[in-house]
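Structural overview for review
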Amino acid sequence: MGLPNANGDLSTEVEVDAFRRLFPLHFYEKHLLESISPDARPLGRARETTIALGAVASANGSALAKIGSTTMLAAIKMKVMTPSLETPDEGCIVIDFHMPPICSPIVRPGGPAEAAPVVAKQLSDTILSSGMINLKELSLVSGKAAWMAYLDIYCLDADGALFDTALLSAVAAFSHLEIPVVSLNDDGKIVLSEEQGLSDREPVNKEKRKINLSSVPFSLTCVLHKNYILADPTAEEESIMDTILTVVLDSSSQLVSLHKPGGTVLAYTSAIQVS
Amino acid sequence: MRETAMEVDREDGRSQNQLRPLACSRNILHRAHGSASWSQGDTKVLAAVYGPKAGTKKNENPEKACIEVIWKPKTGQIGKPEKEYEMILKRTLESVCILTVNPNTTTSIIVQVVNDDGALLPSAINAACMALVDAGIPMKHLAVAICCCVAKSGYVILDPTKLEEQKMKAFAYLVFPNSVHSVLPEGSLRVEGEPIENGIITSVTHGIMSVDDYFYCLERGRAASVKLSDFLRRNLQQQSTDSSKAG
């Protein structure tokens, strides 16, 4: 197991990259000893986050979220549907998460990536169970019509912390969402109103309104390695460390989800540190 | 603070911390290299292990053994929840098995749900562990899985049935390593100063609960996992003495 010798400037540079590829764990351990990660972040700091609202003009609500290089685009389209018999006052949210091959070299066309259905399910569980959206707000005419919100999230660049970015983009898209104005036409069906309201049709909802978000969930993904907790890992870090932990808290500091699939044994003290 | 010994009415008359009757049998499928059936009350899961087979899958590290999990639901098509269970099971078993013993091999674990009456994922994890033992795959320790629910009023119950799970505001699946009876001196098996059995291998939660509720669940789950590990140990010892008599 040869360590690179400092033999002149150029050869040291080449050696570092090669060392990073050949012995990734040792490379990271050397950095962790100094309490820093290779992109010069201190261990507990997350990467730079940006959110852009309204990225998709044709959708009712959309957002583009970036954490470091991980990019997710979320868009919401509203359609009217009849609510189910058990919940005549409630609308419905359908969440779908796509990982097209553009996002990462490990995703190949012809089949969904391994991580995609897992993140999709986690995301829908978190959003629905956190009570962020009151489904009763999505109701139009009780028992006859309610909104169905189709939330699609596309991963454009997968560089670690997929769940965090997806949740952020979903919440941002919901905050940007404007429910369109509709009215009841003669057949008893709901149609979208035109700009100049026709006089014989009463709009069911008067103006475009925003949806209320309560208790917004926030999440953080960390990797654990021996005694070190590294926050917000990149894809490279995620692939070499075997323990990944995602904690989701909502705005009243309630734990929405703690997702730790497998990995090394985590003692209580570390769990407290993370939360 | 929590009231101890709160009388909670559970439909089947169990107390808060009581688990359902456990039953486990190994070596039930003859063609599989290892197999086990695990039932907790009415929830029954069957697990089969085939392996190690040559070659790893595409994106996996060839210097380690690879574990592949296939989850078969009782009815319906395979969808996202099944994929999620597969991933959780895979990660959990990867951390329990010693992967460096047979590099560049794949071990397949097939989980078939026979009946789902609550606490499905923990039963599957327990069944898979027993099947791995039956197949003789080297493992560092066993994984013991348990489900804890938090109700709206704040009390915690263990091992819920399906009806109880649906009524609860949150539940958590927790997997702990089993308790260790060791010949080595005390100090050597500690992780960060705590005995190894106090750690968590896997934790998956659904629904909102406060952080304190979560820690309380952990403590309860930890206590119950000791009982589960005793059951596992007795079960394994009993069956191994039977087979040695027959052999």
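So, a few notes on the structure that sits alongside this text. (Residues numbered from 1 in each chain as written. Chains lettered and ligands numbered in written order. Predicted model: local features only at pLDDT ≥ 70, side-chain atom pairs only at ≥ 80, totals over all residues. Heavy atoms only, no water.)

1. Remarks on the overall build of chain B
This is how the line gets drawn: By definition, any uninterrupted DSSP run of H or I lasting at least four residues is a helix, any uninterrupted run of E lasting at least two residues is a strand, and each is numbered from the N terminus. Working definition: with a 1.4 Å probe on protein chains only, accessible area under 20% of the residue-type maximum means buried, over 50% means exposed, and in between means partly exposed. Two residues qualify as a contact provided that any one of their heavy atoms is within 4.5 Å of a heavy atom in the partner residue. Note on areas: Shrake-Rupley, 1.4 Å probe, and residue coverage restricted to the protein chains presented here.
A count of helices and strands for chain B gives four helices and twelve strands. Taken across its 247 residues, chain B has 52% of its residues classed as buried. A fraction of 71% describes how many contacts in chain B between residues 6 or more apart in sequence connect residues 24 or more apart. Within the structure as shown, chain B displays about 11,500 Å² of accessible surface, and the carbon and sulfur contribution to it stands at 51%.

2. Section: the environment of K169(B)
Residues and elements named next belong to chain B. Here K169 lies in the loop between α3 (162-167) and β8 (170-177). On the accessibility criterion, K169 (31% relative accessible area) is partly exposed. It is 23 Å that separates the C-alpha atoms of K169 and A124, two residues lying 45 residues apart in sequence. Those residues in contact with K169 that lie beyond four places of it in its chain are V150, A151, K152, H206, G207, I208 and D213.

3. Digging into unusual backbone geometry
A negative phi angle characterises most non-glycine residues, just as the trans form characterises most peptide bonds. Residue and element names in this part refer to chain B. In the Ramachandran plot, N27 falls in the positive-phi region, its phi being about 60° despite a non-glycine side chain. Along the polypeptide, N27 turns up in the loop between β1 (22-26) and β2 (34-40). One non-glycine residue with positive phi stands out, namely N104, at about 60°. Given a relative accessible area of 37%, N104 falls into the partly exposed group.

4. Concerning the nonpolar core
Nonpolar side chains in soluble globular proteins tend to end up buried together. Quick reminder of the rule: We call a set of buried Ala, Val, Leu, Ile, Met, Phe, Trp, Tyr and Cys residues a nonpolar core when their side-chain atoms join them within 4.5 Å.
If you look at the biggest cluster of nonpolar residues, it comprises 70 residues, and the most contacted ones within it are W38(B), W71(B), L93(B), I109(B), L132(B), I146(B) and L174(B). The residues touching I109(B), leaving out its near neighbours within four places in the chain, are A48(B), V49(B), I67(B), E68(B), V69(B), I70(B), L93(B), A128(B) and L132(B). With 41 residues, the next largest nonpolar core counts C103(A), C155(A), I179(A) and V182(A) among its residues.

5. Focus on a nonpolar patch on the surface
Residues and elements named next belong to chain A. Note the cut-off: Without a salt bridge and with relative accessible area above 30%, a residue can belong to a patch; like charges are then joined within 9 Å and nonpolar side chains (Val, Leu, Ile, Met, Phe, Trp, Tyr) within 5 Å. We define a salt bridge as a side-chain nitrogen of Lys or Arg found within 4 Å of a carboxyl oxygen belonging to Asp or Glu.
Taken together, I102, Y154 and L156 make up a surface patch of nonpolar side chains, about 290 Å² in accessible area. As for its position among the elements, Y154 is in strand β6 (residues 145-157). The exposure class of Y154 is partly exposed, given its relative accessible area of 37%.

6. Some thoughts on the pairing of strand β6 (residues 143-150) of chain B
All names here are of chain B. Under the convention used in this document: DSSP bridges decide pairing: two strands pair if at least two such bridges lie between them.
Most of β6 sits inside the fold, with eight of its eight residues counted as buried. The alternating pattern of β6 places A143, A145, C147 and C149 on one face and V144, I146, C148 and V150 on the opposite face, and all of these are buried. Pairing of β6 with β8, which is carried by eight bridges, proceeds in the antiparallel orientation. Residue pairing for β8: I146 is matched across the bridge by L174. Strand direction decides the pairing type here: β6 and strand β7 (residues 156-158), joined by three bridges, are antiparallel. Its bridge partner being in β7, C148 is matched across the sheet by L158. Here β6 hands over to β7 after five residues, with G154 in that stretch at a positive phi of 105°.

7. What about the sheet that holds strand β5 (residues 105-115) of chain B?
Residue and element names in this part refer to chain B. How we decide: As a rule, the C-alpha atoms of each element are fitted with a line to give its axis, helices using only the stretch in contact, and angles between N-to-C directions run from 0 to 180 degrees.
Taken together, the five strands give an open sheet; going across it, the order is β1-β2-β3-β5-β4, and neighbouring strands pair in mixed fashion. Bordering the open sheet on either side are β1 and β4 (66-72), each of which pairs with just one other strand. Between one strand axis and the next, the sheet turns by 15° as a mean value, whatever way the strands run. Across five bridges, the pairing between β1 and β2 is antiparallel. Residue pairing for β2: S25 is matched across the bridge by S37. Each of β4 and β5 touches helix α1 (residues 80-96); the most contacted strand, β4, lies at about 145° to it. In this fold helix α2 (residues 120-135) packs onto β1, β2, β3 (43-54), β4 and β5, with an angle of close to 150° to the strand it touches most, β2.

8. Notes on helix α4 (residues 162-176) of chain A
Residue and element names in this part refer to chain A. Test applied: In this analysis, the expected span of each helix is defined as 1.5 Å times one less than the number of residues it contains.
Taking 1.5 Å per residue as the helical rise, α4 with its 15 residues ought to reach 21 Å, and the 21 Å between its terminal C-alpha atoms agrees with that figure. α4 sits mainly inside the fold: twelve of its 15 residues count as buried. Every buried residue of α4 is listed here: L162, F163, D164, T165, A166, L167, S169, A170, V171, A172, A173 and F174.

9. As for the pattern of salt bridges
Residue and element names in this part refer to chain B. According to the stated counting rule, one finds eight salt bridges over all chains in the structure shown. Of the charged contacts in the structure, one is a salt bridge between R20 and D159, with a shortest N-O distance of 3.1 Å. One end of the pair, R20, is in the segment before β1; the other, D159, is in the loop between β7 and α3, and 139 residues separate them in sequence. With a relative accessible area of 4%, R20 lands in the buried category. A relative accessible area of 1% means that D159 is categorised as buried. As a salt-bridge pair, R26 and D134 come within 3.8 Å of each other at their nearest N and O atoms. With a gap of 108 residues between them, R26 in strand β1 and D134 in helix α2 connect regions that are remote in the sequence.

10. Some points on the packing of helix α3 (residues 115-129) of chain A against α4(A)
Residue and element names in this part refer to chain A. Here is the rule: Roughly parallel means an angle under 35 degrees; roughly antiparallel means over 145; roughly perpendicular covers 65 to 115; every other angle is labelled oblique. A crossing counts as left-handed when the near helix is turned anticlockwise from the far one by less than a right angle, and as right-handed when that turn is clockwise. The residue classification treats Ala, Val, Leu, Ile, Met, Phe, Trp, Tyr, Cys and Pro as nonpolar and Asp, Glu, Lys and Arg as charged. All others, Gly included, are polar.
Two elements in contact, α3 and α4, have axes whose closest approach is 10 Å; the angle formed by their N-to-C orientations is 45°. By the angle between their directions, the pair α3 and α4 is classed as oblique. Here α3 and α4 pass one another in a crossing that is right-handed. Residues V119, Q122, L123, T126 and I127 of α3 touch α4, and the partners they reach there are F163, A166, L167 and A170. Its residues placed into classes, the contact of α3 with α4 shows seven nonpolar, two polar and no charged.

11. Notes on the side chain of S124(A)
Residues and elements named next belong to chain A. The cut-off we apply is this: Each polar contact in these results corresponds to two N or O atoms within 3.5 Å; when the atoms are within protein, one needs to be able to donate a hydrogen and the other to accept it, and residues that are neighboring in sequence are counted only if both atoms are side-chain atoms.
Along the polypeptide, S124 turns up in helix α3. On the basis of relative accessible area, S124 is assigned to the buried category, the value being 18%. Polar contacts involving the side chain of S124 include one to the main-chain carbonyl oxygen of K121, which spans 3.1 Å.

12. Regarding the packing of α3(A) against α1(B)
Between α3(A) and α1(B), the shortest axis-to-axis distance is 8 Å and the interhelical angle comes to 110°. Comparing their axes, α1(B) and α3(A) come out roughly perpendicular. Only K80(B), P81(B), K83(B), E84(B) and M87(B) of α1(B) make contact with α3(A), whose side of the interface consists of P117(A), V118(A), A120(A), K121(A), Q122(A) and D125(A). Partitioning the contact of α3(A) with α1(B) into residue classes produces five nonpolar, one polar and five charged.

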